[in-house]
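# Fold and geometry: a report
Read off the chains here:
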Amino acid sequence: MRYDQARWTHDKNGESTDDQYEPLLSEKNTEEVEVESPLPDELTRDTVELPGLSEPELARHYTRLSQMNYGVDSGPYPLGSCTMKYNPKFTEDVAALPSAAVHHDRSDRSLQGTLALMHGLQDYLARIGGMDAVSLQPPAGAAGEFAGILVAKAYHEAEGDGETRDEIIVPDSAHGTNFASAALAGYDVVELPSGDDGRVDLEALEAAAGDRTALFMLTNPNTLGLFERNIEEIAEIVHDAGGLLYYDGANLNALLGQARPGDMGFDIMHYNVHKTFATPHGGGGPGAGPVGVVSDLAEFLPAPRVRETDSGAYERFDPESTVGKVHGFEGNWLVLVKAYAYIARLGDVGLEDASAKAVLNANYLASQIEYEIPFGPFHHEFVASAGDQDAADVAKRMLDYGVHPPTTKWPEIVPEALMTEPTEIETKETLDQLAAAFDAVHDEDDETLSAAPERTTARRIDQTSAARDLRLSWRALGADDSEE
C-alpha cells in the first residue's frame, strides 16, 4: 500500500511549486464591509474583508483542509503516553443535547439533572480509582496534578508540618508535568533515578524519603509501560516517612477494571478523563483532570463538589477546609459529560475489556517489530530503541507509510526512544500495518530517513525556528498603526 497525503500547490509559470498550499477561498471573492462595535475604538477596526462564499466552495475548502491533516480518524496514532484513542461520536451527540447546555449560574433547584450527572461521575471515578472522594474542578491533567499537590500541602499544614515538609520526590521516568507542578507549588523537587529494571529503586527511595518529604508522585504503569511490582513496599516507605503517595492517572488506561490505585496505597490521584475515557484529546483542546483522595484528605478538595441530600436532591457544597476553586464553575462541563457517557456506555465489563485489549495490542505490536525493546514485561505501551538511527528521523519517515509515529526521544533512559501506545481501539490488521511501517523504516538508510517525509502535505518543518521565532500579532492599547 502506498500512502500519499492530499496536497494542492501553486502553479507558477506553468510549473507547480512544492510545499505551497493554495488557499481555495480565503483570498477570493472578498468584499470590504464596515464594522460597528460597542468596544473601544483602539480595539476594533473600521472595516474588515470577508470572503463571499457559496456553500459548495465552503464545504470543499474545509474538506481539503481535513484531508491535509492527520488525526485518529485518519489512521493509527500510537503516540506513546498520550493515549490517542478514537473518540466515539455518540459522546459528542450527548454533549450537544439542549439539556446539556444549562448555565451553571442557575439555582441548584433548576440544575438537578446537571448536578445528578456530576454526582454520578464523582461516584464512577471514585469507584474506578479506589478513592473516597472526588472533585471534578481541575480542567486538565496537569491542573489535576497541581490541585492534588495543593491538597497535600493543605493536609500537611493542618498536621502542623507544612513548613518542614518542603520536598516532593519524582522518578526520572515521570512525565515532565510532575516536576513542573511540584515546582509551581513551591516545593523542592527530588529526582529519583530508576533502577536497572526501569522501575523504582527501593533503596534509593528509602534514602530520599524523610522528614522533608511531602509527597511521592508516581505513574503506574510507568512511562516505560512497566508495572511497579513493589508498589505496596513503596507505599509503606513513603507513609512511614510521613509523606503522601500521589498517583499520576496518565496511564490509568492500563488498569481499568483490573486494579485500583487506592487499593495499592495511593492517597491522591488525578484522572485524565480525556485520555482514559475517550473524550477529545490533543491539539490543546479542553480536557479535564478530576482529583480523587482518600477520606482523610476529602475536606481539602477543590470546591465545589456535589452531594445528595436526605431528600434525594443534589446540591453543591464546599469541603470544610477546601483549597478553593481551581477553575470556573465545576470544571470543563462538556468534557465531563462525554466522560460520563463513555463510562456509562461501557460499564464495568466494557472498561475491563478496554484495558485488557490495550495491553494485548501493545504486546502484539511489540512482538511484530524489529526494533529492540530494552525493558519489559510491559503493559499498555512500550519503549523501543531506534539504535543507531535518529528517532526523530524514524518518526518522520513513518509518516510516509500512512501512520502517525510514536513519541520520540523520551524517556531518556532508553536511547533514541520510540514510545509506542497503540491503545485498545486498533484491530490486528491495523497493528500489522503499524508493524510493517516500523520494519520498513528499520531497514532504510540514513539518507532516506533524513529526507523524510516525502508524501505528506507538509514536508519537514523547522521546529527550532517555529519554537523560537514566534509570529506574534498584537496591538497595544493606545498605539497607532505604525506601532503594530
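Conventions used here
Residues numbered from 1 in each chain as written. Predicted model: local features only at pLDDT ≥ 70, side-chain atom pairs only at ≥ 80, totals over all residues. Heavy atoms only, no water. 1 Å grid on protein atoms, 1.4 Å probe; cavity = no way out; pocket = protein on both sides within 12 Å on 5 of 7 lines; lining within 4 Å. Points joined across faces, edges and corners; volume = space filled by probe spheres on them. Nonpolar A, V, L, I, M, F, W, Y, C, P; charged D, E, K, R; others polar. Helix = DSSP H or I, 4+ residues; strand = E, 2+ residues; numbered from the N terminus. Buried < 20%, exposed > 50% of the residue type's maximum accessible area, 1.4 Å probe, protein only. Contact = heavy atoms within 4.5 Å. Polar contact = N/O pair within 3.5 Å; in protein donor to acceptor, adjacent residues only side chain to side chain. Core = buried A, V, L, I, M, F, W, Y, C linked by side-chain atoms within 4.5 Å. Axes fitted to C-alpha atoms, helices over the stretch in contact; angles between N-to-C directions. Parallel < 35°, antiparallel > 145°, perpendicular 65-115°, else oblique. Left-handed = near helix turned anticlockwise from the far one by under 90°. Expected span 1.5 Å × (residues − 1). Pairing = 2+ DSSP bridges.

### Section: empty space enclosed by the protein
For the structure shown, the criterion picks out one cavity of 30 Å³ or more. For the largest cavity, the calculated volume is near 70 Å³. Along the wall of the largest cavity there are 14 residues; nearest its centre are P171, S173, L218, N222 and E228. Residues of the lining of the largest cavity, tallied by class, amount to six nonpolar, six polar and two charged.

### Regarding the environment of N222
By the element assignment, N222 lies in the loop between β8 (213–219) and α7 (231–240). By relative accessible area, which is 2% here, N222 ends up buried. Taking the C-alpha atoms as reference points, N222 and D248, separated by 26 residues in sequence, lie 9.3 Å from one another. Ignoring sequence-local partners within four residues, the contact set of N222 consists of S173, G198, R199, E228, N251 and E381. From its side chain, N222 meets the backbone nitrogen of L224 in a polar contact 2.8 Å long.

### What about the nonpolar core?
Counting 50 residues, the largest nonpolar core has L205, F216 and F277 as its most contacted members. At the level of secondary structure, the elements contributing two or more residues to this core comprise α3 (112–129), β8, α7, β9 (244–249), β10 (268–271) and α10 (333–368). Excluding residues that lie within four positions of it along the chain, L205 makes contacts with I169, L192, V200, F216, I234, I237 and V238. L226, F375, V414 and A417 belong to the second-largest nonpolar core, a separate cluster that totals 28 residues.

### Focus on the packing of helix α11 (residues 391–399) against helix α12 (residues 428–442)
One can describe the packing of α11 onto α12 by two numbers: an axis separation of 10 Å at closest approach and a directional angle of 125°. Taken together, the axes of α11 and α12 lie oblique to each other. As for the relative orientation of α11 and α12, their crossing is right-handed in sense. Together, V394, R397 and M398 of α11 and A437, F438 and V441 of α12 make up the contact between the two elements. Grouping the amino acids of the contact of α11 with α12 by side-chain chemistry returns five nonpolar, no polar and one charged.

### Remarks on α12
In this model, α12 (15 residues) spans 21 Å end to end at C-alpha, consistent with the 21 Å of a helix rising 1.5 Å per residue. Buried residues along α12 sit in contact with α10, α11, β16 (417–420) and α13 (446–451).

### Let's talk about the sheet that holds strand β14 (residues 382–385)
The sheet built from three strands is open, its strands ordered β14-β16-β15 with antiparallel pairing. Two strands close off the open sheet at either side, each with one partner strand: β14 and β15 (407–408). Pairing between β14 and β16: four bridges, direction antiparallel. Looking at the pairing, A384 lines up with L418 of β16.

### What to know about the side chain of E330
Assignment of secondary structure puts E330 in the loop between β13 (314–317) and α10. Within the local environment of E330, its side chain forms a polar contact with the side chain of H104, the two groups lying 2.4 Å apart. Non-local contacts of E330, meaning those with residues more than four positions away in its chain, are made with H104, M118, L136, Q137, P304, R316 and L336.

### Examining the environment of D73
Within the secondary structure, D73 is located in the loop between α1 (55–67) and α2 (89–95). Residue classification places D73 among the exposed residues on the basis of a relative accessible area of 54%. Distance from D73 to E203, taken between C-alpha atoms, is 45 Å for residues 130 residues apart in sequence. Residue contacts for D73: discarding those within four places in its chain leaves Y86 and K89. At a separation of 3.3 Å, a polar atom in the side chain of D73 contacts the side chain of K89.

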